[in-house]
Amino acid sequence: MGNGKELLESSETNNSSFVILREVIPGNIVPVSVLSLVVPVQSLHKMLLAVGKGSGSVEVWAYDRSGCQCDNACVYDAHDCVVTALAWAFDGYCLYSSGQDDHVRCWVLCGSCLCEVPIPSNGPGLRSSNDLPGAFLSCLGVAVSPGNLVLAMVRNTDAEQLDPMYERRVLKAAVQFFWIGGQLNLLPDNSLDVSKDAFLGFPANELVHWKSSILWSLKKFENPEKPLVTWDIIAALLAFKQSIPNFVDEILFKWLSVTYLDSSVSHSLDDVLIRIPQTLLTATSRQLHLLNVICRHVILSQLMADEINSKANIGPTVADMEHSPLWLELLFISERELRERLVGLSFSAFLTHMSHSAKSSIESGNWSPVGVAQMELWITRNHDHIRVQLKELASEVVKAERRFEPMESGDEEQCIHCSALVPFDSPDVAFCCGTETVNGVLEKHKLARCSTSMQVCTTTPSWFCKCCHRWTSKLAPETLFTMPGYGSDVRPPAESPTAGVQSKALCPFCGILLQRLLPDFLPSASPV
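Residues numbered from 1 in each chain as written. Predicted model: local features only at pLDDT ≥ 70, side-chain atom pairs only at ≥ 80, totals over all residues. Heavy atoms only, no water.

A.B. asks: Got a sec to walk through the overall build of the protein? Specific residues and values, please.
C.D. replies: Counting secondary structure elements, the protein contains 13 helices and 20 strands. Taking all contacts inside the protein whose residues are at least 6 apart in sequence as the whole, residues at least 24 apart take part in 58%. Accessible surface, the protein as shown: approximately 27000 Å² in total, 54% of it carbon and sulfur. (Helix = DSSP H or I, 4+ residues; strand = E, 2+ residues; numbered from the N terminus. Contact = heavy atoms within 4.5 Å. Areas by Shrake-Rupley, 256 points an atom, 1.4 Å probe, with all protein chains shown as cover.)

If you want it as structure tokens, here you go:
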């Protein structure tokens, strides 16, 4: 067991941050080949340690931190050769193992017994795994996707089974992906039954398992401490949307009803979509981020991100109403709620800094707001849609600017290309007033605004969101991503410990990790 904080802060070689809890495997027996550790969310006092050995056996040890007791839960001869990889899934409920015998097995931990369950041979949008060629010698490793819906395995190829001219020279190993969302029922509930219309092409029990797995994954990502990586959930929902769209509606109906309305009783999906905007004020920021990602990549996947952003600024037209109007309106309201929280954080931090000396503000290490002038203009343009509490906070900012010297000088911005004035018309994009060319044509430049500060992004490297296609030059405060909800008070805690600069570059509207903008001459425009 180790203390992570002490380990990071320790600079002395003789200062050990680890202590031995118990020696579970003596060193004079069969060697250990791989380990895998998990702390179940439902039992934080408990740790599960899976041990793979060179003999092919797998042991599971359970450690109770409250009573400092370590027990050998079970031992099983899982493989005929060395165990090469172990991976826990579904919060310690399921264990995947691979071995040099080229087998990948799934185990369910039931008390003190490992029960093997088959891995599904097909999935949404994919062909049967039986069509894959059998040119493999062994399995080198396994990994589970963030949402626990996909299993990835690396297999070593058999050179004798490959074409000596082409495949043998370049193909050393292969990565296979298997859908595992339809394997287990994680949320045993009568309300998880799917309609008979959704049974086309899939067994009924497998769809029930898929529904429970996706709902379980969505619930897991409501924890703000977990990185919001939902590519497997998005891929599964999109695949089902093409083949069984009614099934996707049932999943989202259940998720929205329980998460945002705290009730599974409602008449229809449209009824839920109409009622949800009234509850977004008390929703956590992570719930809003998850909702925005699902809206953009699943429901409104036929629309480009830039199209959605432009509609949010000028309002949807009649033609746009054909593309899920209730979902489109819900996305706009959710993003406006997040923007109001961000503006409230900025105004609160601005007032805090103005009430102290500049020196003490810098020494405190708190997040320093920028773009207050642009945020005031945004509130003026959206005065009829802004909450009363935020309007009052904006009035306090205006009074503070009159009493003290403003932290930011000048409300007018200049174009980074031609130095022309840039008016504020939208929080996402801007157009400069332009300069007249030699031919007498007025040339205007389109500029991106920072999603956090609403200021025009400079030429320095910026961050880019692959979900909403917004640019960010000033990172948002950590408080935005951990807010449990606004409640009745719009003034967020600007001096809280989490109000420091965000340690990771996250999109304030999607909550996902941002990508760094690279110059065009570099080999890759999408860095890993």
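A.B. asks: So, the pattern of salt bridges: which residues are in play, and what are the values?
C.D. replies: With the rule as written, the count across this model stands at 14 salt bridges. Arg275 is the salt-bridge partner of Asp271, the closest N and O atoms lying 3.8 Å from each other. With Asp271 and Arg275 both in helix α6 (residues 269–275) and four residues apart, this pair spans about one turn of that helix. When the shortest N-O distance is used, the salt bridge between Glu340 and Arg387 registers 3.1 Å. Of this pair, Glu340 sits in helix α9 (residues 325–355) while Arg387 is found in the loop between α11 (372–381) and α12 (388–403), placing the two residues 47 residues apart along the sequence. Summarising the burial analysis for this pair, Glu340 and Arg387 share the class buried. (Salt bridge = Lys/Arg side-chain N within 4 Å of Asp/Glu carboxyl O. Buried < 20%, exposed > 50% of the residue type's maximum accessible area, 1.4 Å probe, protein only.)

A.B. asks: Tell me about the sheet that holds strand β18 (residues 463–464), and please be specific about residues and values.
C.D. replies: The strands making up a sheet are joined through hydrogen bonds of the backbone, oriented either antiparallel or parallel. The three strands are arranged β19-β18-β20 in an open sheet whose pairing can be described as antiparallel. Each edge of the sheet is formed by a strand with only one pairing partner; in this case those strands are β19 (471–472) and β20 (515–516). Bridge analysis of β18 against β20 gives two bridges, and the strand direction is antiparallel. Each bridged residue has a counterpart across the sheet, and for Trp463 the counterpart in β20 is Arg516. (Pairing = 2+ DSSP bridges.)

A.B. asks: Now, about the sheet that holds strand β10 (residues 150–157): what can you tell me, with residues and values included?
C.D. replies: The three strands lie next to each other as β9-β10-β11, forming an open sheet whose pairing is antiparallel. Whereas interior strands pair on both sides, the edge strands pair on one side only; in this sheet they are β9 (136–144) and β11 (173–179). Direction aside, neighbouring strands of the sheet carry axes that sit 25 degrees apart on average. The pairing of β9 with β10 spans seven bridges and is antiparallel. (Axes fitted to C-alpha atoms, helices over the stretch in contact; angles between N-to-C directions.)

A.B. asks: Explain unusual backbone geometry to me, and be specific about the residues and the numbers.
C.D. replies: Of note in this structure, Phe90 is not a glycine but carries a positive phi near 50 degrees. Here Phe90 shows up in the loop between β5 (83–89) and β6 (94–99). Phi at His469 takes a positive value of approximately 60 degrees, unusual for a residue other than glycine. Residue position: His469 is located in the loop between β18 and β19. Given a relative accessible area of 27%, His469 falls into the partly exposed group.

A.B. asks: Talk me through helix α3 (residues 204–220); I want residue IDs and the actual numbers.
C.D. replies: Taking 1.5 Å as the rise per residue, α3 with 17 residues should run 24 Å; its terminal C-alpha atoms sit 25 Å apart, in good agreement. Burial analysis of α3 places 14 of its 17 residues in the buried class, which makes it a mostly covered element. (Expected span 1.5 Å × (residues − 1).)

A.B. asks: Pulling in residues and values, what's your account of the packing of helix α7 (residues 285–299) against α9?
C.D. replies: Running from N to C, α7 and α9 cross one another at 145 degrees; their axes reach a closest spacing of 10 Å. Crossing hand, α7 versus α9: left-handed. Note on element contacts: α9 touches α7 through Trp327, Leu330, Leu331, Ser334, Glu335, Glu337, Leu338 and Arg341, opposite Ser285, Leu288, His289, Leu291, Asn292, Cys295, Arg296 and Ile299. Broken down by class, the residue content of the contact of α7 with α9 amounts to eight nonpolar, four polar and four charged. (Left-handed = near helix turned anticlockwise from the far one by under 90°. Nonpolar A, V, L, I, M, F, W, Y, C, P; charged D, E, K, R; others polar.)

Nothing here speaks to function; it is all geometry.
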